[in-house]
Amino acid sequence: MTPLTSRTPQTPRSPRTPVSLRPLYARLDGATVEEFPFRVKDGTLLGLTRVTTGSSPGQGHRPAVLLLHGHTASSDMFLLPETRNLVEVLLDEGYEPWLLDWRGSCRLPYNETGRRYTYDDVAVYDIPEAVAQVRQRIGDRPLFVVAHCIGALSLSMSMAAGLVPGLAGVVAHGVFLTPKLAGRTSLRMTLAAELLKSRVDHIPVDFRKVGFWSRYTPLFALASRKASCPDPTCQILHNSAWGTGASLFVHDHLSATTHNRLAELLGPAPLWILPHLRRIELARSMVRWHHGDGRYRALPENALDQAGRIDCPVLLLSGSENGLWLDSQKLCHEVLAARQPRLDVAYAEVPGYGHLDMFIGRGAALDVFGHILDFLGGRR
């Protein structure tokens, strides 16, 4: 697959952090792609990408849409070259897509090397500073956000903290303020954190890279139990979700090309993030990890308790067969309707879809993206 040609303004690099973004892979005929790598206040390098169609009339008046991927995914999930992807759809409908590769992106090395982080860092640094970067370049045009999985969960904390005010609207997919995992997933997450923390610090997805005689082989073997697909990467993602027993997508929704490059779309999952994720799941809310650290004082202890600070319309989106977060979005809609009835929050469920296939599924443009466009169109 050929890397996407892009125009990248020069950004100073710190000699202490030799980090670079892996090139994007996409097919965007006639589009201009500009990359604006930037460092947030704690020194972490992130990726920010703008996609435009310079020949279109009214280009400078298009509402902007910032896309946030999930943990271990990347902006590539919105730019699949083998399908009609979300970025293409947004361009055709008159929007200007922006894509953030936050520190959990597999285009960056932080899940395997470098300083460890929690979702507090994403909420207090990555998302607010990316929003500021976009606003600096779009002026007073409307700015929407479409966020997937942990990107949406972290965004909920940023919003509850009042760090991203004035958004035109938010589409949160999979999970938002009330995360809910299956009991077996929660149990396996706890066991993995305790049993594996002294042996490994991340779980890879590409068996070809680790090899048969590696310390990760038992994890791949466990993921292969009762699997219907012979591909080890598919097994550890679809059949096991990095060993948690959950499922990241409905298998039949992926094209053969997408299926064969799952290891490009999703990277290693760091085990050191599990304690924060476990605390979040037990609370059934997005909660802060750091206490007594002044860098995170802007974040509420519990985002759900500060949901009244959300100042824009929100669409809670989910597939009916979400094998990871279950009915978290339905629960969130019910809780917010009871606790914050003045908020403009809607819920939409797509029949037959799982989690990640809502964006990378071969039929997503027909079955899923219309919900996003209807929400954005009613508020642009």
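Just so it is clear, the structure is predicted and the values come from calculations on it, not from any experiment. (Residues numbered from 1 in each chain as written. Predicted model: local features only at pLDDT ≥ 70, side-chain atom pairs only at ≥ 80, totals over all residues. Heavy atoms only, no water.)

A. Expanded view of the overall build of the chain. When you go through the chain residue by residue, the secondary structure sums to 14 helices and eleven strands. Taken over the C-alpha trace, the chain has a radius of gyration of 19 Å; the compact-globule value for 380 residues is 21 Å, and the two agree within 12%. Burial analysis of the chain (380 residues in total) assigns 60% to the buried set. Taking the intrachain contacts of the chain between residues at least 6 apart in sequence as the baseline, contacts between residues at least 24 apart amount to 74%. Within the structure as shown, the chain displays about 15400 Å² of accessible surface, and the carbon and sulfur contribution to it stands at 51%. (Helix = DSSP H or I, 4+ residues; strand = E, 2+ residues; numbered from the N terminus. Rg over C-alpha atoms; globule rule 2.2 N^0.38 Å. Buried < 20%, exposed > 50% of the residue type's maximum accessible area, 1.4 Å probe, protein only. Contact = heavy atoms within 4.5 Å. Areas by Shrake-Rupley, 256 points an atom, 1.4 Å probe, with all protein chains shown as cover.)

B. Up close: the environment of Pro270. Note that Pro270 resides in strand β9 (residues 269-270). Residues Pro270 and His71 lie 199 residues apart in sequence; the distance between their C-alpha atoms is 9.6 Å. Apart from the residues lying within four places of it in its own chain, the contact partners of Pro270 are His71, Thr72, Asn111, Asp201 and His202.

C. Spotlight on helix α11 (residues 328-339). Relative to the 16 Å expected for twelve residues at 1.5 Å per residue, α11 spans 16 Å between its end C-alpha atoms, a close match to the ideal helical length. When we look at burial in α11, the residues that qualify are Ser328, Gln329, Cys332, Val335 and Leu336. The buried residues of α11 occupy an angular sector of 120° when projected down its axis, which confines them to one face. Tucked into the core, α11 has its buried residues touching β7 (169-173), β10 (314-319) and β11 (345-350). (Expected span 1.5 Å × (residues − 1). Arc of directions from axis to C-beta.)

D. The arrangement of the packing of helix α2 (residues 119-138) against helix α3 (residues 150-160) in detail. Two numbers describe how α2 lies on α3: the axes approach to 8 Å, and their chain directions differ by 80°. Looking at the two axes, α2 sits roughly perpendicular to α3. Between α2 and α3, the contacting residues are Tyr119, Val122, Ala123, Ile127 and Pro128 on the first element and Ile150, Gly151, Ser154, Leu155, Met157 and Ser158 on the second. A class-by-class count of the residues in the contact of α2 with α3 yields eight nonpolar, three polar and no charged. (Axes fitted to C-alpha atoms, helices over the stretch in contact; angles between N-to-C directions. Parallel < 35°, antiparallel > 145°, perpendicular 65-115°, else oblique. Nonpolar A, V, L, I, M, F, W, Y, C, P; charged D, E, K, R; others polar.)

E. Structural detail: the side chain of Asn111. Within the element layout of this structure, Asn111 appears in the loop between β5 (96-101) and α2. Side chain to side chain, Asn111 and His71 meet in a polar contact 3.0 Å long. Among the polar contacts made by the side chain of Asn111, one reaches the side chain of Tyr117 at a distance of 2.6 Å. Beyond its immediate stretch of four places on either side in the chain, Asn111 contacts His71, Thr72, Arg103, Gly104, Ser105, Tyr117, His202, Pro268, Pro270 and Trp272. (Polar contact = N/O pair within 3.5 Å; in protein donor to acceptor, adjacent residues only side chain to side chain.)

F. Structural view of α2. For α2, which comprises 20 residues, the first-to-last C-alpha distance of 27 Å matches the rise-based estimate of 28 Å (1.5 Å per residue) to within 8%. Of all 20 residues that make up α2, 16 are buried, and the element is covered over most of its length. Two or three places before Asp120, at the start of α2, stands the capping residue Thr118, its side-chain oxygen 3.2 Å from that residue's backbone nitrogen. Backbone geometry just downstream of α2 places Gly139 in the positive-phi region, at approximately 70°.

G. Inspection of the packing of aromatic side chains at higher detail. Using the criterion set out here, one finds six aromatic pairs in the structure. Considering the side-chain rings of Tyr95 and Phe144, the 6.4 Å spacing of their centres and the 85° angle between planes classify their relative orientation as edge-to-face. Placement of Tyr95 in the loop between α1 (86-92) and β5 and of Phe144 in strand β6 (residues 143-148) is noted, with a sequence separation of 49 residues between them. Geometrically, the ring pair formed by Tyr117 and Trp272 is edge-to-face, given 5.0 Å between the ring centres and 80° between the ring planes. Here Trp272 lies in the loop between β9 and α10 (274-283) and Tyr117 lies in the loop between β5 and α2, a separation of 155 residues in the sequence. (Phe/Tyr/Trp six-rings, centres within 6.5 Å; stacked < 30°, edge-to-face > 60°.)

H. Spotlight on the environment of Glu321. Structurally, Glu321 is set in the loop between β10 and α11. Judged by relative accessible area, Glu321 falls into the partly exposed class, the value being 49%. Between the C-alpha atoms of Glu321 and Gly354, which are 33 residues apart in sequence, the distance is 4.5 Å. Setting aside chain neighbours within four positions, we find Glu321 in contact with Val250, Gly352, Tyr353 and Gly354. There is a polar contact of 3.2 Å between the side chain of Glu321 and the side chain of Ser320.

I. Focus on the pairing of strand β3 (residues 45-52). Burial within β3 is extensive, with eight of its eight residues counted as buried. Here β3 shows a buried face lined by Leu45, Gly47, Thr49 and Val51 and a second buried face lined by Leu46, Leu48, Arg50 and Thr52. Bridging between strand β1 (residues 32-35) and β3 involves four bridges; their strand directions are antiparallel. When the bridges of β3 are listed, Val33 appears paired with Val51. Bridging between strand β2 (residues 38-39) and β3 involves two bridges; their strand directions are antiparallel. Pairing of Phe38 across the sheet is with Leu46, part of β3. If you look at the hairpin formed by β2 and β3, you'll find five residues sitting between the two strands, and Gly43 has a positive phi there, around 90°. When β3 meets β5, the two strands line up antiparallel, connected through four bridges. Of the residues in β5, the one forming a bridge with Thr49 is Leu99. (Pairing = 2+ DSSP bridges.)

By themselves, these are just geometric observations and shouldn't be taken as functional.
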